[in-house]
Amino acid sequence: MAKNKKFWKYFKQYKVSQIIAMIRNGNKKQLTCDDRFDNKLVVITGTTSGIGTYTAKKYASMGADLLCINRNEAKSKKLKEEIESQYNIKCDYFIADLSKLNEIHEVADKLVALERPIDVLIHNAGLTLSKQQLTDEGFDMVFVVQYMAPFIMNYKLINKLKGQESARIIMNNSEGHRFVPWGLILDDLHWKKRRYSGLKAYGSAKLAQLLSMHIFKEKFIGSNVTINSMHPGAVESETGKDNWRLYKWYKKNILGKFLRPTDIASDSLYYMGVSKEIQTVTSKFFSLTTEEIPSPPAWDVEEAKKLWDLSIEICNLN
Ligand SMILES: NC(=O)c1ccc[n+]([C@@H]2O[C@H](COP(=O)([O-])OP(=O)(O)OC[C@H]3O[C@@H](n4cnc5c(N)ncnc54)[C@H](OP(=O)(O)O)[C@@H]3O)[C@@H](O)[C@H]2O)c1
């Protein structure tokens, strides 16, 4: 019943013009930023492949120090050595499996304890699964990595970031939030009562990220902290590596032909973190560097409030 009510509510809000804008934005030339970012600290999750690696290198090439949050020690060490030998910056890392609540809390606490300000925090780590995996706590893996981990880190960092001169949080989001056109099912965030759909689970996690911005924006009022989300384009990366063989075949032989170079995503994440043009913009969704209206469920502030209360509970933040 509740689902049907939302269906009509959102149905009335859909506009063809917004879908056309989405298609156009994807092909628009992205804006770039050439300003240096020397001696700033940028925290990025998931830098061991794909967009995360490119983004780490982009910020390093512009003078920023890096703090990477990854689950794989060997890959992190290799990347640190590569980046530090190529650029004159410091590249540190914390190891954390962002599907485990205790590790997310631990790494968030380490960020809170940092003496340096965090100038940019990029939530990039993510995955897509065609078959559901549950975490040790029995949660949906995709929802934890993509939504709960950023939520916990952002929440714990509120006071630290507000105490700084400024900070920007960027969530590497996706047009995939549109895969759940009728919104989240709040009483089944972990897919226990429905048949699992990889696309919808991914879309739900990304939609939840967008909804969380409404409340984080309120929490950051009176400070120079902004929080925005960005679709990085459909680009080359290792996403889907944990999926079925059929998906891998599809990605290699069909989808792969349409994917764009990964640096369009990293250049855009640099623009989002550094450009003065958007320094006061907050709680917005961007397709690369173009501000875009996300799908109607993402504007639902009442739903955002409900999700916030639930998140505090399931993320053990009370
Ligand atoms: N590529 C695209 O076209 C596209 C489009 C829209 C949105 N995105 C978003 O962009 C972000 C980056 O994805 P990508 O395409 O670059 O994929 P990718 O190449 O698969 O990179 C994903 C990164 O996330 C890390 N990660 C996954 N699970 C983790 C966990 N439990 N704990 C810690 N780190 C974890 C991976 O670490 P390992 O190396 O250890 O696996 C890797 O560093 C994702 O949020 C994705 O949803 C991508």
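Our subject is the structure that appears above.
Trainee: Got a minute to help me understand the sheet that holds strand β5 (residues 167-172) in this structure?
Mentor: Within a beta sheet, neighbouring strands are joined by backbone hydrogen bonds and run either parallel or antiparallel to one another. The eight strands lie next to each other as β3-β2-β1-β4-β5-β6-β7-β8, forming an open sheet whose pairing is mixed. Only two strands of the sheet have a single partner each, and these edge strands are β3 (91-95) and β8 (290-292). Each strand of the sheet is rotated relative to its neighbour by a mean of 25 degrees, with strand direction disregarded. Most of the contacts of helix α6 (residues 141-162) go to β5, to which it runs at about 170 degrees, and overall it touches β4 (120-123), β5 and β6 (225-231).

Trainee: Would you explain the pairing of β5 in this entry?
Mentor: On any regular strand, side chains alternate: one points to one face of the sheet, the next to the other face. With six of six residues buried, β5 lies mostly within the body of the structure. Here β5 shows a buried face lined by Ala167, Ile169 and Met171 and a second buried face lined by Arg168, Ile170 and Asn172. Where β4 and β5 come together, four bridges link them in parallel fashion. Within β5, the residue paired with isoleucine 122 across the bridge is isoleucine 170. Of the crossover connections in this fold, the one passing from β4 over α6 to the parallel β5 is right-handed. Direction of pairing for β5 relative to β6: parallel, over a ladder of six bridges. Note on β6: the bridge partner recorded for asparagine 172 is methionine 230. For the handedness criterion, the β-α-β arrangement of β5, helix α7 (residues 198-219) and β6 is classed as right-handed.

Trainee: How do you make sense of the site of the ligand when you look at a structure like this?
Mentor: Residues in contact with the ligand amount to 29 residues; listed here are only the nearest, Gly46, Gly50, Leu98, Gly126 and Ser237. It is helix α3 (residues 50-61) that provides the largest number of residues to the shell around the ligand, a total of three residues. Grouping the constituent residues of the shell around the ligand by class yields eight nonpolar, 16 polar and five charged.

Trainee: Would you mind going over the packing of α3 against helix α9 (residues 263-274) with me for this structure?
Mentor: Helix-helix packing: each pair is described by the crossing angle between the helix axes and the interaxial distance. Direction vectors running N to C along α3 and α9 enclose 50 degrees, while the axes themselves pass 8 Å from each other. Judged by the angle between their axes, α3 and α9 are oblique. Considering only the axes of α3 and α9, their crossing is right-handed. Judged by residue contacts, Ile51, Tyr54, Thr55, Lys58 and Tyr59 of α3 engage Asp263, Ala265, Ser266, Asp267, Leu269 and Tyr270 from α9. Taken together, the residues of the contact of α3 with α9 break down into six nonpolar, two polar and three charged.

Trainee: Any chance you could explain helix α4 (residues 73-86) here in plain terms?
Mentor: In a regular helix each residue adds 1.5 Å, so 14 residues correspond to 20 Å; α4 covers 20 Å between its end C-alpha atoms and thus fits that length. When α4 is considered as a whole, its buried residues turn out to be Ser76, Leu79 and Ile83. All buried residues of α4 lie within an arc of 65 degrees about the axis, which places them on one face of the element. Exposed and oriented more than 90 degrees from the buried face of α4 are Glu73, Ala74, Lys78, Glu81 and Ser85. Looking at the packing, one finds that the buried side of α4 touches α3, β2 (65-70) and β3.

Trainee: Please clarify how the nonpolar core should be interpreted in this entry.
Mentor: Side chains of a nonpolar character, in soluble globular proteins, are inclined to be buried together. Grouped together as the largest cluster of nonpolar side chains are 80 residues, with contacts concentrated most on Val42, Tyr59, Leu66, Cys68, Phe143 and Ala149. Counting residues per element, this core draws most heavily on α6, which supplies twelve residues.

Trainee: So what exactly am I meant to see when it comes to the pairing of β6 here?
Mentor: Across the seven residues of β6, seven count as buried, placing the element largely inside the fold. Of the two faces of β6, both are covered, the one formed by Val225, Ile227, Ser229 and His231 as well as the one formed by Thr226, Asn228 and Met230.

Trainee: Any chance you could explain the environment of lysine 28 here in plain terms?
Mentor: One can find lysine 28 in the loop between α2 (16-27) and β1 (41-45). For the pair lysine 28 and leucine 288, spaced 260 residues apart in sequence, the C-alpha to C-alpha distance is 8.8 Å.

Trainee: Explain unusual backbone geometry to me, please; I cannot follow it from the model alone.
Mentor: Positive phi values are uncommon outside glycine, yet serine 283 reaches one of about 60 degrees. Structurally, serine 283 can be placed in the loop between α9 and β7 (285-287). Take serine 283: there are 17 C-beta atoms within 10 Å of it, and that puts it in the partly exposed class. The backbone phi angle of leucine 288 is positive, close to 50 degrees, even though this residue is not glycine. Among the secondary structure elements, leucine 288 is positioned in the loop between β7 and β8.

Trainee: Mind showing me how you'd approach the environment of threonine 47 here?
Mentor: You can see threonine 47 is positioned in the loop between β1 and α3. The sequence separation of threonine 47 and asparagine 70 amounts to 23 residues, and the corresponding C-alpha distance is 6.6 Å.

Quick notes on the rules
- Residues numbered from 1 in each chain as written.
- Predicted model: local features only at pLDDT ≥ 70, side-chain atom pairs only at ≥ 80, totals over all residues.
- Pairing = 2+ DSSP bridges.
- Helix = DSSP H or I, 4+ residues; strand = E, 2+ residues; numbered from the N terminus.
- Axes fitted to C-alpha atoms, helices over the stretch in contact; angles between N-to-C directions.
- Contact = placed C-beta atoms within 7 Å.
- Buried ≥ 20, exposed ≤ 12 C-beta atoms within 10 Å, placed from the backbone.
- Right-handed = clockwise from strand over helix to strand, strands pointing away.
- Near = placed C-beta within 6 Å.
- Nonpolar A, V, L, I, M, F, W, Y, C, P; charged D, E, K, R; others polar.
- Parallel < 35°, antiparallel > 145°, perpendicular 65-115°, else oblique.
- Left-handed = near helix turned anticlockwise from the far one by under 90°.
- Expected span 1.5 Å × (residues − 1).
- Arc of directions from axis to C-beta.
- Core = buried A, V, L, I, M, F, W, Y, C linked by C-beta atoms within 7 Å.

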